[in-house]
Amino acid sequence: MKIIEPSVELIDFIDGDEILKKIERCGRVCYQSQPKDDSAEKFVRMLIKRGHESVLEHVSLTFHIICDRAIQNELVRHRHASFSVESTRFVKYGDLEVIKPERIKFDTPFFFDWQNAILYAQNTYEALVECGLPPEDARDVLPLCLKSELYMTANLREWRHILKLRTDKAAHPKMRFIMNQILGIFKEKLPVIVEDFQ
Ligand SMILES: Cc1cc2nc3c(=O)[nH]c(=O)nc-3n(C[C@H](O)[C@H](O)[C@H](O)COP(=O)(O)OP(=O)(O)OC[C@H]3O[C@@H](n4cnc5c(N)ncnc54)[C@H](O)[C@@H]3O)c2cc1C
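Each chain carries its own residue numbering, running from 1 in the direction its sequence is written. Owing to the predicted nature of the model, reporting of local features is limited to residues with pLDDT of at least 70; listing and counting of side-chain atom pairs is limited to 80 or more, with chain, interface and lining totals taken over all residues. Side-chain numbers come from the whole structure's heavy atoms, not from hydrogens or water.

## Describing the site of the ligand
One heavy atom suffices: a residue is near a molecule or strand as soon as one of its heavy atoms comes within 4 Å of it. The immediate surroundings of the ligand are formed by Arg-77, His-78, Arg-79, His-80, Glu-158, His-161, Leu-165, Arg-166 and Ala-170. A 3.5 Å cut-off defines polar contacts: any pair of N or O atoms within that distance qualifies, except that in protein one atom must be a possible hydrogen donor and the other a possible acceptor, and neighbouring residues in sequence count only when both atoms are side-chain atoms. At a separation of 2.5 Å, an oxygen atom of the ligand approaches a polar side-chain atom of Arg-79. Between the ligand and Glu-158 there is a distance of 2.3 Å, counted from an oxygen atom to a side-chain nitrogen or oxygen. Per-residue accessibility takes into account occlusion by the displayed protein chains alone, with areas from the Shrake-Rupley method and a 1.4 Å probe. Protein burial of the ligand: of its 940 Å² of free accessible surface, 45% is covered by the chains. Each residue belonging to the shell around the ligand can be placed in one class, and the counts come to two nonpolar, three polar and four charged. Classification used: nonpolar for Ala, Val, Leu, Ile, Met, Phe, Trp, Tyr, Cys and Pro, charged for Asp, Glu, Lys and Arg, polar for all others including Gly.

Listed below in structure tokens is the structure:
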């Protein structure tokens, strides 16, 4: 068993100015107006302020995300996003990679109980596979904290929606960790898209 950290990577090479110009170009058809020099940011800000967010759907971004299975299950509830996800059917696991909850501190009784449960699951998984059961059946004993790897693509309107929901205090801490990293990338690369966030 190996404890790993969750992570996020934007896999698109993006030019924030060009993205804003594209949104402006698409949005200006509604008003039959023309872009001016440096008018894109102001225009996109106006769209967001008016709730005219369908125009943001013309641009999509893809993130490579490492999280656990429980968080993955929550991510895939977002119906306007597209996913490619590591399969527990086609992957045969060896040493399990898992993500620890922040609230389970090392060297506490909680930690040892948590670790023992995972080691028991790992041993049972290996025993089932050794007996000839295919991974797609042996996976039944794998824990929810098992590492998962996925690519998630959504348009900017949907990312705004996801980020609002999933950075909120009501979201799970592991989800907030992932989403705050994504929010940080937006703030760096496309600040106008998220500048109205609290
Ligand atoms: C704190 C928290 C706790 C949660 N707890 C639970 C739980 O206990 N059990 C559970 O099952 N789920 C739970 N969820 C998941 C939640 O119910 C949603 O499935 C998930 O957040 C996806 O949100 P969404 O439907 O708004 O977004 P998306 O699927 O990303 O859709 C975006 C928006 O598109 C519109 N839309 C999409 N599909 C439709 C449609 N068919 N009809 C009308 N409008 C649509 C809606 O406006 C929606 O907000 C929880 C979510 C959060 C954030």
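From this point on, the discussion continues.
## Let's talk about empty space enclosed by the protein
A cavity here means a set of points on a 1 Å grid, drawn over the protein atoms and nothing else, where a 1.4 Å probe fits but cannot get out; a pocket is an open set with protein on both sides within 12 Å along at least five of seven lines, and a residue lines either one if it has an atom within 4 Å of a point. Grid points are joined across faces, edges and corners, and a volume is the space filled by probe spheres set on the points. Evaluation of the coordinates by the stated rule reveals one cavity of 30 Å³ or more. Each pocket or cavity is described by its volume, and for the largest cavity that value is around 30 Å³. In terms of lining, the largest cavity is formed by Leu-10, Ile-14, Leu-61, Phe-63, Ile-185, Phe-186, Lys-189 and Leu-190. Numbered from the N terminus, helices here are DSSP runs of H or I no shorter than four residues, and strands are runs of E no shorter than two. Among the elements that take part in the lining of the largest cavity, helix H7 (residues 173-189) stands out by supplying three residues, more than any other. Of the residues assigned to the lining of the largest cavity, the class counts are seven nonpolar, no polar and one charged.

## A short note on the sheet that holds strand S4 (residues 82-85)
One key point about sheets: their strands pair by backbone hydrogen bonds, in either a parallel or an antiparallel sense. DSSP calls a pair of strands paired once it identifies at least 2 bridges connecting them. Overall, antiparallel pairing links the four strands, which are arranged S2-S3-S6-S4 in an open sheet. Each edge of the sheet is formed by a strand with only one pairing partner; in this case those strands are strand S2 (7-10) and S4. Strand-to-strand twist across the sheet, computed as the mean angle between neighbouring axes with direction ignored, equals 20°. Pairing between S2 and strand S3 (residues 60-68): four bridges, direction antiparallel. Directly across from Leu-10, in S3, lies its bridge partner Phe-63. Lying over the sheet, helix H6 (residues 156-166) contacts S3 and strand S6 (147-155), oriented at roughly 125° with respect to S6. Residue contacts are counted whenever heavy atoms from the two residues lie within 4.5 Å of one another. Only the contacting stretch of a helix is used when fitting its axis, a line to C-alpha atoms as for every element, and angles between N-to-C directions run 0 to 180 degrees. With respect to the sheet, H7 is in contact with S2 and S3, its orientation differing from that of S3 by roughly 150°.

## Focus on the packing of aromatic side chains
The pairing test for Phe, Tyr and Trp rings, Trp by its six-membered ring, is centres within 6.5 Å, and the orientation test on the planes gives stacked under 30 degrees, edge-to-face over 60, and tilted for anything in between. Per the counting criterion, the structure on display carries eight aromatic pairs. Centroid distance Tyr-93 to Tyr-125: 6.1 Å. Interplanar angle 70°. Geometry classified as edge-to-face. Here Tyr-93, found in the loop between S4 and strand S5 (97-98), pairs with Tyr-125, found in helix H4 (residues 109-130); they are 32 residues apart in sequence, far enough to count as distant. Side by side, Tyr-93 and Tyr-125 carry an identical accessibility label, which is buried. Both rings, one in Trp-159 and one in Phe-186, keep their centres 6.5 Å apart while their planes meet at 55°; by these two values the pair is tilted. Of this pair, Trp-159 sits in helix H6 while Phe-186 sits in helix H7, and the two are 27 residues apart along the sequence. Of the two residues, Trp-159 and Phe-186, both sit in the buried class. A connected cluster of aromatic rings, assembled from ring pairs, spans Phe-106, Phe-111, Phe-112 and Trp-114. Lysine NZ or arginine CZ positioned within 6 Å of the ring centre and within 35 degrees of the ring normal marks a charge as sitting over the ring. The cationic tip of Lys-100 hangs over the ring face of Phe-106; the distance from NZ or CZ to the ring centre is 4.6 Å. Residue exposure (1.4 Å probe, protein chains only): buried if accessible area is under 20% of the type maximum, exposed if over 50%, otherwise partly exposed.

## Some remarks on the pattern of salt bridges
Should a side-chain nitrogen of Lys or Arg be within 4 Å of a carboxyl oxygen of Asp or Glu, the pair is scored as a salt bridge. Scanning the model with the defined rule gives 13 salt bridges in all. Here Glu-24 ties to Arg-28 by a salt bridge, and the two come within 3.0 Å at their closest N and O atoms. Taken as a pair, Glu-24 and Arg-28 lie in helix H1 (residues 16-31) at a separation of four residues, close to a single helical turn. On the basis of relative accessibility, which here comes to 13%, the residue Arg-28 falls in the buried class. The shortest N-O distance in the salt bridge between Lys-174 and Asp-68 comes to 2.5 Å. Taken together, the residues Lys-174 in helix H7 and Asp-68 in strand S3 connect sequence positions 106 residues apart. In this structure, Lys-174 and Asp-68 share a single accessibility class: buried. What you see here is one network of salt bridges that share partners, running through Glu-41, Arg-45 and Glu-195.

These figures capture arrangement, not role.
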